[in-house]
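Coordinate inspection notes
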Amino acid sequence: MNKKLKIALPLVILLVIGILTYFFFFREKKQEITYTPATVTRGDITRIVEVTGIIKPQVGAQVKVGTRATGTLIKLRYQVGDYVKKGELIALIDDRQILSDLDNAKASLKYAEDNYKLIKDTYPLKIAEQEATLKSLNAQKEYATTNLNRQLELFKRGFATQDEIDRAKKEADVAVSNYEQALTTLKRLKEEYQRQLELAQSNIDQAQARIKNLEVNLTYTRIYSPINGIVSQVATQEGETVVAGLSAPNLITLLDPNLLEIWIYVDETDIGKVKVGLPIEYKVDAYRDKVFQGTISAIYPQPEIKDNIVYYLATVKIKPEDAKFLRPEMTTHVKIFTETKKNVLLVPNPAVKFEKGEYIVFIPKGKAAEPVPVKVGIRDEKMTEIISGLKENDKILIEKKPIPQIPVSNQPQQGRR
């Protein structure tokens, strides 16, 4: 019997030591709930919708500069990152062929103008000469007609012969024919003069139109900046051949750094609270300590679906003084101030609990904490509006979250190798 006791006693001692070790070192101790006192206050509160946005160029802020000319790019003055002022020459395309065609067109214009001047100078002289000839032939016709009438009268009285009558008649017919022929020639000259003038003027107009067209084509070989901006992309280099087809090939892309906006993706559950004109604050990761401000400028009616979630796009124009810090495609962390209430009852957010389908706040009752149902309104990052259930200056309790206990082992920790 003593032998069995000697064997069991060490086992009992080990069991007792194990139980005591568990209770004193490893068993999780039940911690009592403690509270921090607080007071119901009165003040202003603003409801905030927190969303994510992306910085984008505004419409017209990014311009792709191209050309309608075909030829070798002989000069490109700017590269990525360079600042360009509006109206400055960006690139130059080989214009020798256009200049040659322009010289030929100017020569053709001079020839057409000289021809017009020649017609204006010569035809009036020809017409004047023909009018003088017509006047002389008219006099001859009148004389021949008068002479024929006189011979006929003399013939009736017996003082003229038939031969004289025939000769006078022939002379009168020739004079009339000559006059009519000269009159036809004069009419033809005047009509021809008018046609030649119109043709010469048409040649001048065509030459002028060709010159104007070539001068326009010449402007296509000189590419000027349409805006103030920074070169964000270069699509070609000096020495390459640019071929203009149905669309102008892009040479260079300019970005106005002052014309930026934020694209904010608002969840469909929050879009009803967001309206044009609401103030916002936003931050970017590049400047974590800097807060930028703006105003909702537009809300797009067309939804966007991402990962089966419906969003609506709202835009905010970025102020020029803020744009110098920002870049396109930066991610923004946006707070939209959707609603503000003034002089309302407020409690800290941790004081409000949601249990069994209602909101409650704990109030002190003796040494215990008693839950009181309340009706809440809007909340911000720190405070919650109390609509009913509490009064100003009421004492409330905020539950302290227990600090988790970490078991401490008596065994020394081995250092990392």
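One can find the structure itself at the top, above this paragraph.
Residues numbered from 1 in each chain as written. Predicted model: local features only at pLDDT ≥ 70, side-chain atom pairs only at ≥ 80, totals over all residues. Heavy atoms only, no water.

The next point concerns the overall build of the protein. Looking only at helices and strands, the protein has four helices and 20 strands in total. Relative to its full complement of 417 residues, the protein shows a buried share of 30%. Residue pairs in contact within the protein that sit at least 24 positions apart in sequence constitute 76% of those at least 6 positions apart. (Helix = DSSP H or I, 4+ residues; strand = E, 2+ residues; numbered from the N terminus. Buried < 20%, exposed > 50% of the residue type's maximum accessible area, 1.4 Å probe, protein only. Contact = heavy atoms within 4.5 Å.)

Another point: the pattern of salt bridges. A full pass over the atoms with the stated rule returns 18 salt bridges. Note that glutamate 339 and arginine 47 form a salt bridge whose closest N and O atoms lie 2.4 Å from each other. On the criterion of sequence distance, the pair formed by glutamate 339 in strand 15 (residues 331-348) and arginine 47 in strand 2 (residues 41-57) is long-range, its members being 292 residues apart. Look at arginine 47 and you get partly exposed, because its relative accessible area is 25%. (Salt bridge = Lys/Arg side-chain N within 4 Å of Asp/Glu carboxyl O.)

Grouped together as the largest cluster of nonpolar side chains are 22 residues, with contacts concentrated most on Ile264, Ile280, Ile296 and Ile336. Elements represented by at least two residues in this core include exactly strand 2, strand 11 (260-267), strand 12 (279-284), strand 13 (287-306), strand 14 (309-317) and strand 15. The leading source of residues in this core is strand 11, at four residues. Beyond its immediate stretch of four places on either side in the chain, isoleucine 280 contacts Ile262, Ile264, Phe292, Gln293, Gly294, Thr295, Ile296, Val316, Val334, Lys335, Ile336 and Phe337. Counting residues in each nonpolar core, the second largest holds 17 residues, with Ala69, Leu76, Tyr78 and Leu251 among its members. (Core = buried A, V, L, I, M, F, W, Y, C linked by side-chain atoms within 4.5 Å.)

Hydrogen bonds along the backbone pair up the strands of a sheet, which may run parallel or antiparallel. Reading across from one edge, 3-10-8-5 is the order of the four strands in this open sheet, with antiparallel pairing throughout. Pairing within the sheet leaves two strands with one partner each, and these edge strands are strand 3 (62-66) and strand 5 (83-84). (Pairing = 2+ DSSP bridges.)

With that out of the way, let us pick up the packing of helix 2 (residues 96-157) against helix 3 (residues 162-220). Running from amino to carboxyl end, helix 2 crosses helix 3 at an angle of 165°, the nearest separation of the two axes being 7 Å. By the angle between their directions, the pair helix 2 and helix 3 is classed as roughly antiparallel. Pair helix 2 / helix 3 crosses with left-handed handedness. Partitioning the contact of helix 2 with helix 3 into residue classes produces 35 nonpolar, 16 polar and 14 charged. (Axes fitted to C-alpha atoms, helices over the stretch in contact; angles between N-to-C directions. Parallel < 35°, antiparallel > 145°, perpendicular 65-115°, else oblique. Left-handed = near helix turned anticlockwise from the far one by under 90°. Nonpolar A, V, L, I, M, F, W, Y, C, P; charged D, E, K, R; others polar.)

The next subject is unusual backbone geometry. Positioned with a positive phi, glutamate 329 is a non-glycine residue whose angle comes to about 75°. Among the structural elements, glutamate 329 can be located in the loop between helix 4 (320-323) and strand 15. With a phi close to 75°, asparagine 393 is a non-glycine residue in the positive phi region. Inspection of the secondary structure puts asparagine 393 in the loop between strand 19 (383-388) and strand 20 (395-399). The exposure class of asparagine 393 is exposed, given its relative accessible area of 53%.

On to the sheet that holds strand 6 (residues 89-93). Overall, antiparallel pairing links the four strands, which are arranged 7-6-4-9 in an open sheet. Two strands in the sheet have a free side with no partner beyond their single neighbour: strand 7 (222-224) and strand 9 (241-242). Relative to strand 6, strand 4 (residues 71-76) runs antiparallel, the two sharing three bridges. Across the sheet, the residue bridging to leucine 76 is alanine 91, located in strand 6.

Let us now look at helix 2. For helix 2, built from 62 residues, the straight-helix expectation of 92 Å at 1.5 Å per residue is met to within 8% by its first-to-last C-alpha distance of 91 Å. Looking one or two residues beyond helix 2, the residue adopting positive phi is glycine 158, at roughly 90°. (Expected span 1.5 Å × (residues − 1).)

Attention now goes to the pairing of strand 8 (residues 229-234). Along a regular strand, successive side chains alternate from one face of the sheet to the other. When strand 5 meets strand 8, the two strands line up antiparallel, connected through two bridges. Along strand 8, the bridge assignment pairs valine 84 with glycine 229.

Okay, the side chain of threonine 46 next. Checked against the element boundaries, threonine 46 lands in strand 2. Within the structure, the side chain of threonine 46 is placed 3.0 Å from the side chain of threonine 340, a separation counted as a polar contact. In this view, threonine 46 contacts Phe337, Glu339, Thr340, Ile378, Arg379 and Asp380; residues no more than four positions away in its chain are not counted. (Polar contact = N/O pair within 3.5 Å; in protein donor to acceptor, adjacent residues only side chain to side chain.)

Within the structure shown, the criterion is met by six aromatic pairs. Aromatic side chains tyrosine 282 and phenylalanine 292 sit 5.3 Å apart centroid to centroid with 20° between the ring planes, which places their arrangement in the stacked category. Here tyrosine 282 is found in strand 12, whereas its partner phenylalanine 292 is found in strand 13, with ten residues between them in sequence. (Phe/Tyr/Trp six-rings, centres within 6.5 Å; stacked < 30°, edge-to-face > 60°.)

Taken by themselves, the reported measurements are silent on function.
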